[in-house]
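Residue-level structural notes
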Amino acid sequence: MTVVDRFLNYVKFDTQSDELTNLTPSTPGQMIFAQHLEKELQELGLTEISLDDNGYLMATLPANTDKDVPTIGFIAHLDTSPDMSGRHVKPRIVEKYAGGDITLNSEENVVLSPSQFPELNDYVGHDLIVTDGNTLLGADDKAGIAEIIAAVDYLKNHPEIKHGKIRIAFNPDEEIGQGAHKFDVKHFDADWAYTMDGGAIGELEFENFNAAVAKVTFKGLNVHPGYAKHKMLNSIRVANQYAIMLPRWETPEHTENYEGFYHLIGFEGSVEKTVLTYIIRDHDRDRFERRKRELEHLTRKVNCEFPDCASIEIKDQYYNMREKIEPVMHIIDTAIKAMENVGVTPKVQPIRGGTDGAQLSFKGLPCPNIFAGGLNFHGRYEFVPISSMEKATEVIVEICRLVAQ
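The structure reproduced in this document is the subject of the present report. Keep in mind the model is a prediction, meaning the values are calculated, not measured. (Residues numbered from 1 in each chain as written. Predicted model: local features only at pLDDT ≥ 70, side-chain atom pairs only at ≥ 80, totals over all residues. Heavy atoms only, no water.)

1. As for the side chain of Thr135
How we decide: Helix and strand definitions here come from DSSP, where helices need a minimum of 4 consecutive H or I residues and strands a minimum of 2 consecutive E residues; each element is numbered from the N-terminal end. Residue contacts are counted whenever heavy atoms from the two residues lie within 4.5 Å of one another.
By the element assignment, Thr135 lies in the loop between strand 7 (128–130) and helix 3 (139–157). When residues no more than four places from it in sequence are discounted, the contact partners of Thr135 are Met84, Ser85, Arg87, His88, Val89, Gly379 and Arg380.

2. Re the packing of aromatic side chains
Aromatic ring pairs are reported here in terms of the distance separating the ring centres and the angle at which the planes meet. Put simply, the rule is: Stacked, tilted and edge-to-face are the three classes assigned to paired rings of Phe, Tyr and Trp, where Trp is represented by its six-membered ring and a pair needs centres within 6.5 Å; plane angles under 30 degrees give stacked, over 60 edge-to-face, the rest tilted. A simple rule labels every residue: compare its accessible area, found with a 1.4 Å probe on the protein chains alone, to the largest value its type can have, and call it buried under 20%, exposed over 50%, or partly exposed in between. Think of it as a cone above the ring: NZ of Lys or CZ of Arg counts as a charge over the ring if it is within 6 Å of the ring centre and within 35 degrees of the ring normal.
For the structure on display, the rule yields twelve aromatic pairs. On the basis of an interplanar angle of 80° and a centroid distance of 6.2 Å, the ring pair of Tyr123 and Phe383 is categorised as edge-to-face. Separated by 260 residues along the polypeptide, Tyr123 in the loop between strand 6 (110–112) and strand 7 and Phe383 in strand 17 (residues 383–385) bring together distant segments of the chain. The burial state of Tyr123 is the same as that of Phe383; both residues are buried. Between Phe288 and Tyr319 the ring centres are 6.5 Å apart and the planes differ by 85°, which places this aromatic pair in the edge-to-face class. In this pair, Phe288 is assigned in helix 6 (residues 285–305) and Tyr319 in the loop between strand 14 (310–318) and helix 7 (322–325), connecting sequence segments 31 residues apart. Phe288 gets classed as buried once you look at its relative accessible area, which sits at 0%. For Tyr319, a relative accessible area of 24% gives the class partly exposed. Pairwise contacts between aromatic rings join Tyr10, Phe13 and Phe33 into one cluster. Over the ring of Phe33 we find Lys142, and its NZ or CZ is 5.4 Å from the ring centre. In this structure, Arg285 is placed above the aromatic ring of Tyr319, and the distance from its NZ or CZ to the ring centre is 4.0 Å.

3. So, a nonpolar patch on the surface
Note the threshold: Patches in this entry comprise residues that are over 30% relatively accessible and not in a salt bridge; like charges within 9 Å are linked, as are nonpolar side chains (Val, Leu, Ile, Met, Phe, Trp, Tyr) within 5 Å. Under the convention used here, a 1.4 Å probe and the Shrake-Rupley method define accessible areas, while residue burial counts only the protein chains that appear. Salt bridges are identified by distance alone: a Lys or Arg side-chain nitrogen within 4 Å of an Asp or Glu carboxyl oxygen.
Together, Ile236, Leu264 and Phe267 give the surface a local cluster of nonpolar side chains, amounting to about 220 Å² of exposed area. Relative to the helices and strands, Leu264 is located in strand 12 (residues 261–269). According to the relative accessible area criterion, Leu264 is partly exposed, its value standing at 33%.

4. Focus: the state of the cysteines
Defined as follows: Two cysteine sulfur atoms make up a disulfide if the distance between them is within 2.5 Å.
Following the criterion strictly, the structure yields zero disulfides and no others. In this model Cys304 remains outside any disulfide bridge; the closest cysteine sulfur is found in Cys309, 12 Å from its own. When its relative accessible area of 68% is taken as the criterion, Cys304 is described as exposed. Cysteine Cys367 remains unbridged, with the sulfur of Cys400 as its closest cysteine sulfur at 14 Å. Cys367 gets classed as buried once you look at its relative accessible area, which sits at 0%.

Here it is in structure tokens:
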């Protein structure tokens with residue numbers, strides 16, 4: 001079975017996660033998919049297969065060398081994004097893409113066009129897997145799962161390629177930020193790992209945002225507007241005053257690369273009470289801490305004008321894995337060499353977001369991120385070049401070979 005065959009089978013499973021259920025996995029479809037994969041791994045003859053009640057599936061490809069070789073792991077996530085339905089996915093292969101527009105759904109006039117998605121131009125002549133315009137595709141991260149399983153199957157059937165013990169894991173709920181929360185690093189028992197969860201071919205990432213969420217609450221005083229002079233305090237107006245005190249250019253729509261931001265993601269209010277919800281992001285830890293202090297400073301500033309009106313609660317979400325990867329940079333060097341050996345140009349870049357690998361790195365498992373090949377994640381315009389999936393599979397195999405050397 002090829003990596004494409006596996007992928008086309010996996011996207012049939014509806015594994016959309018849901019942050020509102022407070023369950024792990026957050027949706028039953030993820031466990032159904034994990035149980036399917038468990039049987040598949042058993043049929044492949046892998047060992048130490050375990051699927052816990054939270055939907056974390058782990059397995060081992062035993063070493064085929066007597067050398068003392070580090071145990072490495074490969075990880076991908078079961079769920080797809082809540083941003084769009086992943087039910088009844090109907091993938092289609094566009095053979096030898098000739099360039100220009102790809103009509104995904106003629107009835108709804110859904111068109112995948114290089115005028116809107118110029119990255120399509122990089123894949124002229126390639127076979128592409130696309131959606132029917134009604135759902136996302138699920139390459140994030142079922143492409144990663146397919147690549148990992150295809151790679152271990154290849155290694156098992158080619159014993160001439162020497163490798164150490166290989167651990168694999170598939171976890172739930174990455175898309176809602178909970179993928180690593182109940183990941184048993186001790187049970188996984190690898191020296192380091194790679195998440196196969198990046199985007200376009202060549203991506204290699206070991207830096208991500210430091211992240212926090214802040215909720216700023218404003219208390220108002222409501223009286224009849226006809227008799228409100230010197231009495232009313234409209235919390236909506238105070239909250240708006242707070243929001244415009246933040247630098248307007250330090251928002252997602254004005255930043256790129258290593259530039260951090262404040263992002264207002266929620267505004268719920270009435271005269272009596274208004275709550276602003278922000279996410280805070282920055283690659284640099286010092287700047288990240290300064291951003292949090294700036295929100296606290298503005299809260300105090302508001303209270304100087306409107307005593308006891310504003311309060312703030314800030315919770316850190318995750319940190320930049322770079323500080324955990326730098327002491328073991330050989331794992332990055334290995335991934336770079338593996339890509340080069342199979343004809344892939346490495347593109348080392350920061351993640352403008354988070355990843356399970358960041359949380360796992362801080363739990364003691366250094367875990368950079370490697371491309372899975374998909375593009376335009378989380379929507380109807382998602383696609384994955386077949387050649388990228390095949391190369392990702394080759395990279396996994398080559399990493400295992402290099403580590404055994």
